Structures are given as C-alpha cells and as structure tokens.
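Residue strings, one per chain:
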Amino acid sequence: MTANLVAVFLFIGVVAYSLLGGADFGAGFWDLTAGGADRGRQPRHLIDTSLGPVWEANHTWLVYCLVFLWSGFPTAFTAITTTLYLPLGIAALGIVLRGAGFAFRKATLRTGEQRVYGAAFAASSVLTPYCFGSIAGAIASGRVPTGGDGDAVGSWLNPTAALGGVLAVLVCAYLGAVYLNVAARQQRSPALERCFRDRALLASVLTGAVSVAGIFVLRQDAPRLFHQLGHRALALVVLAALCGITTVLLLLRHRSTGLRALATAAVALVVLGWGVAQYPYLLGTHLRIADAAAPDATLKVTIGVAVVAGLLIFPSLALLFLLAGRGRLRPAPQESVPAPPPRDS
C-alpha cells in the first residue's frame, strides 16, 4: 500500500512535468518555426513574455520525479539510468542549452549572437521532449531489463520509442500553441491570436493522425501496452479524445473559455492512460511496484517530505501562475530610456 502511494506521488510529478514542462517546450517549438527576424519578431516576443516568469519553475517537476524515483524505487532508477543513459544525457544537455539560449538571447544586443542563442533555445525545445518521449516508449514497451545495463541503443531506437518521441514533440507543440493563443487574446492581439490558433489546429490534427498510426505500431511492437490501452485504460483514452475534439471545436469557433483547461485535460488523460495501462509494473512489462520499492521506513519518510513540501510550495506556484496569467509579472515598459536596437556584427 505504501509503495503504491509513493508511485502515485511519483506519477503526479510525471503528469505535472508533462503539462507545465510540455507547454514550455511547445513554446520553444513555435519559436523555431516562427520565421525570420521580421516575421517572427512578434510571436517570439509573446513567447518570451509568456515563458519569462515561469520557465524555471516548470522544470522543478523533473527534479521532483528523479528524487522520488531514486528514493522510492532505487532498483527501477538504476535499471533506467544504466540502460537509457544516452537519451537521458541528451535530454539533460538539451535542458542546459535551452535555458542558456533563452536567457542569453534576451541579454545580448548583437543580431548574430541573438540568432545563435535563439537557435540553441528552439532546437533544444524539440530535441529534449523527443528524448523524454522515447524514454517513456522504451519503458512502456519493456525494453529496460530489471538488472539494468540493457541495450544502450536499441532500447530507445525502436518503433515504440520513436512513436513516443514524435508524440511528445507534437503534444508539447499542441499545448504551447493553445496556451499562447489564449495569451494573445488576453493581450488583445488578434494577429497573434490567429497565428497560434492556426498552429494549435495544425498540431491537433497531426497529433491525432500520429496517434491513430500509433495503434498499429503498438499492436506489433508493444502488445501488452496496446492491450491495456484498449481495455483497462480505454475510458481515459476516450475522454482524452473527446477533450481534444472539443478543443478543436472551440478553436474553430474562436472561443477561449475553457480552452486551456480542455487542452490540459486531454494531455493529462493521455499520460494517466499510460500509467494505468502499465500498472502494476514500473518497467512496462516487468518489475512490480512492490518489488522495486525501497524499505517501508524510507517510503514513509519520502511521503512525509512530499506532503510538507507540497504544503509549502503549491501555494507559491499557484500564486506565480496566477500572476503570470494575468500579466502582472511582465516588466513595465521603459519609455524614458529606449532599448538600443540590435547591432549586426
């Protein structure tokens, strides 16, 4: 029972990072495809102002997940890190490059440097979620052996892992576009609202198409996951599809009420479906939660720390996102001291 409760806490972090970190990565995806300096100036400015107050807080959930995994389930942590160290290392490098690119491109004044830092931010925003998605696919398809030291290449370069990586990028793009569409409406920018509405619709269609194609991939490459998604997790999958379809209808009718909540619910239900389909195994097809758990005393301390941390941190995070959503954290314009224009060099 205690081990299952720790697993629930762990999966709460997975869902939270999928939503918050996912929207963060998705905004970077649209930064990559925003166009040249002139055409992409306004979309990139909206991305900067939307991400600026919250981008560091979003990735604290990754630390939360790692701490819970190695504290609560050290056997699974060892197996995952000794098998999937290549995608994990690439993802870690991508997060570092992404953060540096996002921070430095706003601080530099030279156009050439801005392009380099912007490219690092945008490219890492695609590479990192792909790696995380491929890790999820590798685990779900049972390619991580209990003893660790599995196939360092084949474990994450296979059909299910590739499906997970592509879906992760598309889902992040979908979330980012929906959130930015709502942000543009709040800033009363019809042009940007149309821009990200079209991108959200495109991401929705592509995500749906890849999901349908993924049915055939899972049937051949991950039969247990395919079976459980169609049985135990079927209700969650259907609800996710309904939320996604409703989101598309709202976008087509230019409605924003409930748009972010529905997009969030669609993605959260997909991630929950994966967790339910995988239960009671931590490594997809083997290593039960109870067998991988740390000693009961460690699990109880982990739960206690999580509860105390939640009571202290959740109100602060809620206030942060509330203020950011209302535009209270954007820097005030400096009319008296105009910013110097970028210099080519």
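Residues numbered from 1 in each chain as written. Predicted model: local features only at pLDDT ≥ 70, side-chain atom pairs only at ≥ 80, totals over all residues. Heavy atoms only, no water.

1. Comments concerning the overall build of the protein chain
Each helix and strand in the protein chain was counted, giving 14 helices and zero strands. Overall, the protein chain shows an N-to-C arrangement of helices and strands of α-α-α-α-α-α-α-α-α-α-α-α-α-α. Computed over the C-alpha atoms, the radius of gyration of the protein chain is 21 Å, within 12% of the 20 Å expected from 2.2 N^0.38 for a compact globule of 345 residues. When the backbone C-alpha atoms are referred to their principal axes, the protein chain occupies close to 65 × 40 × 40 Å. Classification of the 345 residues of the protein chain by burial places 45% in the buried group. (Helix = DSSP H or I, 4+ residues; strand = E, 2+ residues; numbered from the N terminus. Rg over C-alpha atoms; globule rule 2.2 N^0.38 Å. Buried < 20%, exposed > 50% of the residue type's maximum accessible area, 1.4 Å probe, protein only.)

2. Points about the environment of Phe314
If you trace the backbone, Phe314 turns up in helix H14 (residues 296-325). Here Phe314 falls in the partly exposed class, since its relative accessible area comes to 46%. For the pair Phe314 and Asp38, spaced 276 residues apart in sequence, the C-alpha to C-alpha distance is 39 Å. Excluding residues within four positions of it along the chain, Phe314 makes contact with Trp61 and Ala309. (Contact = heavy atoms within 4.5 Å.)

3. Let's talk about the pattern of salt bridges
Two side chains with opposite charge may pair up if their charged atoms get near one another. For the structure on display, the rule yields nine salt bridges. A salt bridge links Arg41 to Asp38; its shortest N-O distance comes to 3.5 Å. By the burial criterion, Arg41 is exposed, and Asp38 matches it. Within this structure, Asp31, Arg44, Asp48 and Arg105 form a network of salt bridges that share partners. (Salt bridge = Lys/Arg side-chain N within 4 Å of Asp/Glu carboxyl O.)

4. Brief notes about the packing of helix H7 (residues 111-140) against helix H8 (residues 159-186)
Geometry of a packed helix pair, given as the angle between the helix axes and the separation of the axes. Interaxial distance between H7 and H8 falls to 6 Å at its minimum, and their mutual angle equals 135°. With respect to H8, the element H7 is oriented oblique. Crossing angle aside, the handedness with which H7 passes H8 is right-handed. Here H7 contributes Val126, Pro129, Tyr130, Gly133, Ser134, Gly137 and Ala138 to the contact with H8, which in turn contributes Thr160, Ala161, Ala162, Gly164, Gly165, Val166, Ala168, Val169 and Cys172. In terms of residue class, the contact of H7 with H8 is made up of ten nonpolar, six polar and no charged. (Axes fitted to C-alpha atoms, helices over the stretch in contact; angles between N-to-C directions. Parallel < 35°, antiparallel > 145°, perpendicular 65-115°, else oblique. Left-handed = near helix turned anticlockwise from the far one by under 90°. Nonpolar A, V, L, I, M, F, W, Y, C, P; charged D, E, K, R; others polar.)

5. What about empty space enclosed by the protein?
Inspection of every chain in the model, using the stated rule, returns one cavity of 30 Å³ or more. Of the pockets and cavities examined, the largest cavity occupies roughly 30 Å³. Forming the boundary of the largest cavity are Asn181, Arg185, Glu193, Arg197, Leu250, Leu251, His254 and Arg255. (1 Å grid on protein atoms, 1.4 Å probe; cavity = no way out; pocket = protein on both sides within 12 Å on 5 of 7 lines; lining within 4 Å. Points joined across faces, edges and corners; volume = space filled by probe spheres on them.)

6. With respect to the nonpolar core
Ranked by internal contacts, the top residues of the largest apolar core, which has 40 residues, are Trp30, Leu46, Ile47, Tyr174, Leu175, Val178 and Phe196. Secondary structure elements with two or more residues in this core: helix H1 (2-32), helix H2 (41-51), H8, helix H9 (190-221), helix H11 (234-252) and helix H12 (259-278). If one sorts the elements of this core by residue count, H8 sits on top with eleven residues. Judged by nonpolar contacts, the second largest core, of 27 residues, contains Phe9, Phe68, Phe73 and Ala294. (Core = buried A, V, L, I, M, F, W, Y, C linked by side-chain atoms within 4.5 Å.)

7. Observations regarding the state of the cysteines
Counted by the stated rule, this structure contains zero disulfides. No disulfide involves Cys172; its nearest neighbouring cysteine sulfur is the one of Cys131, lying 12 Å away. For Cys243, which is in no disulfide, the shortest distance to another cysteine sulfur is to Cys172 and amounts to 18 Å. (Disulfide = S-S within 2.5 Å.)

8. Remarks on the side chain of Ser204
Tracing the backbone through its elements, the reader meets Ser204 in helix H9. Judged by its relative accessible area of 14%, Ser204 is buried. In this structure Ser204 touches Tyr174 and Val248, once residues within four positions along its chain are discounted.

9. Section: the packing of aromatic side chains
Scanning the model with the defined rule gives eleven aromatic pairs in all. Consider the rings of Trp70 and Phe77, whose centres lie 5.7 Å apart with planes at 70°: the pair is edge-to-face. Classification of Trp70 by relative accessible area gives partly exposed; the value is 44%. Each residue in the set Phe9, Trp61, Tyr64, Phe68 and Phe314 is aromatic and connected to the rest through ring pairs, giving one cluster. (Phe/Tyr/Trp six-rings, centres within 6.5 Å; stacked < 30°, edge-to-face > 60°.)

10. Quick word on the environment of Gln220
For Gln220, the position within the fold is in helix H9. Among the residues examined, Gln220 registers a relative accessible area of 67% and is labelled exposed.

11. Things to note about the confidence of the model for the protein chain
Overall, the prediction assigns the protein chain a mean pLDDT of 89, with 93% of residues at 70 or greater. Helix H3 (residues 55-58) is the least confidently modelled element of the protein chain, averaging 73 in pLDDT, while helix H5 (residues 74-83) averages 97, the highest of any element. Taken together, the stretch residues 332-339 has pLDDT below 50 and engages in zero contacts with residues farther than four places along the chain or on a different chain. (pLDDT = per-residue confidence, 0-100.)

12. Remarks on a nonpolar patch on the surface
On the surface, Leu234, Val237, Val238, Leu239, Leu242, Ile245, Leu249 and Leu252 cluster together into a nonpolar patch covering about 680 Å² of accessible area. With respect to the helices and strands, the residue Leu249 is situated in helix H11. By relative accessible area, Leu249 is classed as partly exposed at 47%. (Patch = residues over 30% accessible without salt bridge, like charges linked within 9 Å, V, L, I, M, F, W, Y side chains within 5 Å. Areas by Shrake-Rupley, 256 points an atom, 1.4 Å probe, with all protein chains shown as cover.)

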